[in-house]
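Below, each chain spelled out in residue letters.
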2 protein chains.
Amino acid sequence: MQLEEGKEKFIQAWGTLGSSWGINRTMAQVHALLLISPEALSTEDVMQELNVSRGNANMNLRALIDWGLISKELRPGERKEYFVAEKDMWKVAKQVIRERRKRELEPMLRILEELKQVEGNKAEKETQAFTEAIGNLHDLATKADKTLNTMLRADEHWFLSSFMKLMR
Amino acid sequence: MQLEEGKEKFIQAWGTLGSSWGINRTMAQVHALLLISPEALSTEDVMQELNVSRGNANMNLRALIDWGLISKELRPGERKEYFVAEKDMWKVAKQVIRERRKRELEPMLRILEELKQVEGNKAEKETQAFTEAIGNLHDLATKADKTLNTMLRADEHWFLSSFMKLMR
DNA sequence: TAAAACTTTCAATAACTATTGAAAGTATAA
DNA sequence: TTATACTTTCAATAGTTATTGAAAGTTTTA
């Protein structure tokens with residue numbers, strides 16, 4: 001396979017994967033493009049490579065910065081902004097985990113805590129089933145949260161060796 | 001908080017969480033409804049509780065069966081089909097992991113393996129960057145795949161004790 | 001201060017995804 | 001076999017989300 005075909009396939013695949021994880025298709029494609037780019041790219045470059053409008057490119061570059069997956073690079077004497085992706089895939093994974101934990105897991109935990117306060121006839125099956133489901137979910141979410149938190153705080157070496165054990 | 005309000009909130013929250021994970025909103029809501037229901041529910045029940053059409057209810061119940069998250073329950077002498085959700089949250093989590101691994105991680109691994117074959121001027125920066133990014137991603141994906149696989153094969157006790165260690 | 005080189009915004013619109021509901025299909029009972 | 005009680009399908013439509021591109025905004029340079 002030639003490089004151009006490979007690039008195309010990768011950008012496509014990353015975009016599709018993104019979609020099934022609730023991530024905007026173009027955002028995932030811009031990320032893919034920057035992941036395999038040896039140089040920082042400008043908004044213009046992104047527009048050209050992906051055939052998207054200026055507004056779209058700009059908005060998704062900003063979103064990626066927001067997620068902490070890419071950063072601006074300013075070149076001395078140049079006015080244009082360039083963008084580079086973090087290339088260390090373990091750092092990328094950690095960052096995605098960190099953000100989703102903050103954006104989704106934590107809010108869900110708050111809601112589950114609220115829902116644990118539901119009063120109602122304790123004798124009723126409806127109330128019992130609700131309370132039990134919420135309680136179990138809260139337990140699982142708490143465990144997941146602690147596990148992720150520990151993983152994220154750990155340095156790479158610690159994580160890898162722990163996971164090597166998990167993997168036998 | 002009263003039970004009805006709590007149910008409403010939970011169904012709502014689960015639907016929203018689902019959306020941000022690429023899961024159809026109604027599918028997640030039907031799942032939430034069944035998770036907290038002490039009894040199996042019929043299509044009619046789901047239609048009423050969530051105010052959705054027959055077609056929608058039917059399609060999402062089928063999708064949940066497909067994901068292995070709910071099952072049909074037939075009552076002797078009754079023609080209608082009833083549905084129950086798996087209530088053990090760890091089993092639910094495992095099932096979701098199993099399905100997503102099969103539907104997303106494995107296909108992505110196949111693509112990355114294909115992309116490792118990209119030829120091109122080894123001296124070129126472009127090719128080098130591509131090859132390196134794909135290689136690193138493939139390594140990470142392989143590790144994730146093995147880890148998940150081990151987790152899924154393990155019984156609950158093994159898993160919990162391993163993760164307790166990870167969590168200190 | 002004005003012009004140039006850029007970035008950001010946002011209303012309009014396109015593209016995509018979910019939902020409806022009536023019709024068709026299927027299985028059971030009489 | 002026909003009627004009944006359901007389930008499933010699918011074309012039409014509604015609803016949602018993404019994209020465009022021109023206009024407004026910002027920063028730098030001269």
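Note that the structure is a prediction, hence the values are computed from the model and not measured.

Visitor: Break down the nonpolar core for me, citing the residues and quoting the values.
Guide: Counting 40 residues, the largest nonpolar core has Phe10(A), Trp14(A), Leu34(A), Val46(A) and Phe130(B) as its most contacted members. Contributions of two or more residues to this core are made by α1 (3-19), α2 (25-35), α3 (43-50), α4 (54-66), β3 (81-85) and α5 (89-115) of chain A together with α5 (89-115) and α6 (125-153) of chain B. By residue number, the principal contributor to this core is α2(A), which donates seven residues. Non-local contacts of Val46(A), meaning those with residues more than four positions away in its chain, are made with Val30(A), Leu33(A), Leu41(A), Asn51(A), Val52(A), Ala57(A) and Leu61(A).

Visitor: Any chance you could break down the side chain of Gln95(B) for me, citing the residues and the numbers?
Guide: All names here are of chain B. Within the secondary structure, Gln-95 is located in helix α5. Owing to a relative accessible area of 15%, Gln-95 belongs among the buried residues under this scheme. Once residues within four sequence positions are removed from consideration, Gln-95 is found in contact with Trp-67, Gly-68 and Leu-69.

Visitor: Any details on the relation of the copies chain B and chain A? Residues and values, ideally.
Guide: Between chain B and chain A, which share one sequence, the superposing operator has a rotation angle of 180 degrees and an axial displacement of 0.0 Å; the RMSD is 0.0 Å. Overall, the copies show the geometry of a two-fold rotation axis. In this assembly the copies share their binding face: 100% of the residues contributing to the interface of chain B also contribute to that of chain A.

Visitor: Tell me about the domain arrangement of chain A, and name the residues and values.
Guide: All names here are of chain A. Domain assignment breaks chain A into domain 1 (3-85) and domain 2 (89-166). Put simply, the middle of domain 1 and the middle of domain 2, counted by C-alpha atoms, are 31 Å apart. The interface is formed by eight residues belonging to domain 1 together with seven residues belonging to domain 2. Taken over both partners, the interface formed by domain 1 and domain 2 buries close to 680 Å², and the fraction arising from carbon and sulfur atoms is 65%. Among the residues of domain 1 in contact with domain 2, Leu-35, Trp-67 and Leu-69 are the three that bury the most area, contributing 66% of the side total. In this structure, the connection of domain 1 to domain 2 is made through one salt bridge. The shortest N-O distance in the salt bridge between Arg-103 and Asp-66 comes to 3.9 Å. In terms of residue class, the side of domain 1 that touches domain 2 is made up of five nonpolar, two polar and one charged.

Visitor: Mind laying out the protein's contact with DNA strand D, listing which residues take part and the relevant values?
Guide: Lining the immediate surroundings of DNA strand D are 15 residues, of which Thr26(A), Ser53(A), Arg79(A), Asn58(B) and Arg79(B) lie closest. A breakdown of the atoms of DNA strand D within 4 Å of the protein gives sugar and phosphate a share of 61%. One nitrogen or oxygen atom from the side chain of Asn56(A) is found 3.1 Å from a phosphate oxygen belonging to DNA strand D. A distance of 3.3 Å separates a phosphate oxygen of DNA strand D from a polar atom in the side chain of Arg62(B). Those elements that provide at least two residues to the surface near DNA strand D are α4 of chain A together with α4 (54-66) of chain B. By residue number, the principal contributor to the surface near DNA strand D is α4(B), which donates four residues. Split by residue class, the surface near DNA strand D holds one nonpolar, eight polar and six charged.

The rules behind each value
Residues numbered from 1 in each chain as written. Chains lettered and ligands numbered in written order. Predicted model: local features only at pLDDT ≥ 70, side-chain atom pairs only at ≥ 80, totals over all residues. Heavy atoms only, no water. Core = buried A, V, L, I, M, F, W, Y, C linked by side-chain atoms within 4.5 Å. Buried < 20%, exposed > 50% of the residue type's maximum accessible area, 1.4 Å probe, protein only. Helix = DSSP H or I, 4+ residues; strand = E, 2+ residues; numbered from the N terminus. Contact = heavy atoms within 4.5 Å. Least-squares fit on C-alpha atoms with pLDDT ≥ 70 in both. Domains from an automatic or database assignment. Buried area = accessible area lost by both parts, 1.4 Å probe. Salt bridge = Lys/Arg side-chain N within 4 Å of Asp/Glu carboxyl O. Nonpolar A, V, L, I, M, F, W, Y, C, P; charged D, E, K, R; others polar. Near = heavy atom within 4 Å. Polar contact = N/O pair within 3.5 Å; in protein donor to acceptor, adjacent residues only side chain to side chain.

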